[in-house]
Amino acid sequence: MIRKAEAKDHAQLVALYKAVARIPDGIARTPDEVSDAYVSGFMQKAAADGLEFVYEEQGVIHGDIHASRVGIAALAHLLTDLTIAVAPACQGKGVGRALFGALLAEVSEHMPHITRVELFARESNVKARALYASLGFVEEGRLRGRVRNARGQIEDDALMGWIRPAP
């Protein structure tokens, strides 16, 4: 089941993000960098001026997606800082696609002021970039040498954007 995140999800989200961070290149943060403050921060930001959805089965959260606005008028049409985390055992089973579907449907149906959603994806994360492209995200550029991966190598980060389709 996909639903909007709630404050009560905090502890499960900390555990989820730590689990994903343990996978090499699972997310940009290491397990030590996944803290209560980090999770509280993105949850509060998404609740105040963005979106957050979780994928839950039998009371256990196996996935999360969140994005928020930056808070300045010139970028009021933009959701950014998009992050998705899917439990290792659920990866490759459509959970990520379903979470993206919920987020983009919410934007399309209930947030007419949002016309752009953006994210960053490491150059080596070919599967994720293919998923994002299949959902309508377009690679718009690269930030050269932006990310140090789990092997200690520096690699590019691809900027990808989704633009609301014309009616």
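Residues numbered from 1 in each chain as written. Predicted model: local features only at pLDDT ≥ 70, side-chain atom pairs only at ≥ 80, totals over all residues. Heavy atoms only, no water.

The chain carries the name GNAT family N-acetyltransferase in an unreviewed UniProt entry, which gives Massilia genomosp. 1 as its organism.

S.K.: Provide a residue-level description of the sheet that holds strand 1 (residues 2-4), including the pertinent values.
M.R.: Strands pair in a sheet through their backbones, by hydrogen bonds, and they do so in one of two ways: parallel or antiparallel. If you trace the 7 strands from one edge of the open sheet to the other, you get 1-2-3-4-5-7-6, paired in mixed fashion. The open sheet terminates on both sides in strands that have one partner only, identified here as strand 1 and strand 6 (138-148). Pairwise comparison of adjacent strand axes, ignoring direction, gives a mean angle of 25° for this sheet. Both strand 5 (residues 116-122) and strand 7 (residues 154-163) contribute to a ladder of 7 bridges, which runs antiparallel. Each residue of the ladder has a partner; that of alanine 121, found in strand 7, is alanine 158. Contacts from helix 1 (residues 10-22) reach strand 2 (50-57), strand 3 (60-68) and strand 4 (78-86) within the one sheet, and its direction differs from that of strand 3 by about 90°. Those strands touched by helix 2 (residues 36-49) are strand 2, strand 3 and strand 4, and its axis lies near 120° from that of strand 2. (Pairing = 2+ DSSP bridges. Helix = DSSP H or I, 4+ residues; strand = E, 2+ residues; numbered from the N terminus. Axes fitted to C-alpha atoms, helices over the stretch in contact; angles between N-to-C directions. Contact = heavy atoms within 4.5 Å.)

S.K.: So, helix 4 (residues 126-134): which residues are in play, and what are the values?
M.R.: Residues Ala128, Arg129 and Tyr132 constitute the buried set of helix 4. The buried residues of helix 4 occupy one face: seen down the axis, they fall within an arc of 100°. More than 90 degrees from the buried face of helix 4, the exposed residues found are Val126 and Lys127. Among the structural elements, strand 4, helix 3 (95-110), strand 5, strand 6 and strand 7 are those in contact with the buried residues of helix 4. Residue glycine 136 follows helix 4 closely and has a positive phi angle near 105°. (Buried < 20%, exposed > 50% of the residue type's maximum accessible area, 1.4 Å probe, protein only. Arc of directions from axis to C-beta.)

S.K.: Give a description of the packing of helix 1 against helix 2 that names residues and reports values.
M.R.: Across the interface, helix 1 lies against helix 2 with an axial gap of 10 Å and an inter-helix angle of 115°. In this view, helix 1 runs roughly perpendicular relative to helix 2, as classed from their interaxial angle. As for how helix 1 packs across helix 2, the hand of that crossing is right-handed. In contact with His10, Leu13, Val14 and Tyr17 of helix 1, helix 2 contributes Asp36, Tyr38, Val39, Ser40, Phe42 and Met43. Taken together, the residues of the contact of helix 1 with helix 2 break down into 7 nonpolar, 2 polar and 1 charged. (Parallel < 35°, antiparallel > 145°, perpendicular 65-115°, else oblique. Left-handed = near helix turned anticlockwise from the far one by under 90°. Nonpolar A, V, L, I, M, F, W, Y, C, P; charged D, E, K, R; others polar.)

S.K.: Outline the side chain of arginine 129, supporting the account with residue identities and numerical values.
M.R.: With respect to the helices and strands, arginine 129 occurs in helix 4. Residue class for arginine 129 comes out buried when judged on its relative accessible area of 17%. Among residues more than four places away in sequence, those in contact with arginine 129 are Ala121, Arg122, Glu123, Ser124, Glu139, Arg142, Ala158 and Met160.

S.K.: Describe the pattern of salt bridges, with residues and values.
M.R.: As enumerated under the stated definition, the model contains 14 salt bridges in all. Residues glutamate 56 and arginine 3 are paired through a salt bridge, measuring 3.0 Å at the closest nitrogen-oxygen approach. You can see glutamate 56 sitting in strand 2 and its partner arginine 3 sitting in strand 1, a full 53 residues away along the chain. By the burial criterion, glutamate 56 is buried, and arginine 3 matches it. Note that lysine 8 and aspartate 9 form a salt bridge whose closest N and O atoms lie 3.7 Å from each other. Residue lysine 8 is classed as exposed on the basis of its relative accessible area of 59%. For aspartate 9, a relative accessible area of 1% corresponds to the buried category. (Salt bridge = Lys/Arg side-chain N within 4 Å of Asp/Glu carboxyl O.)

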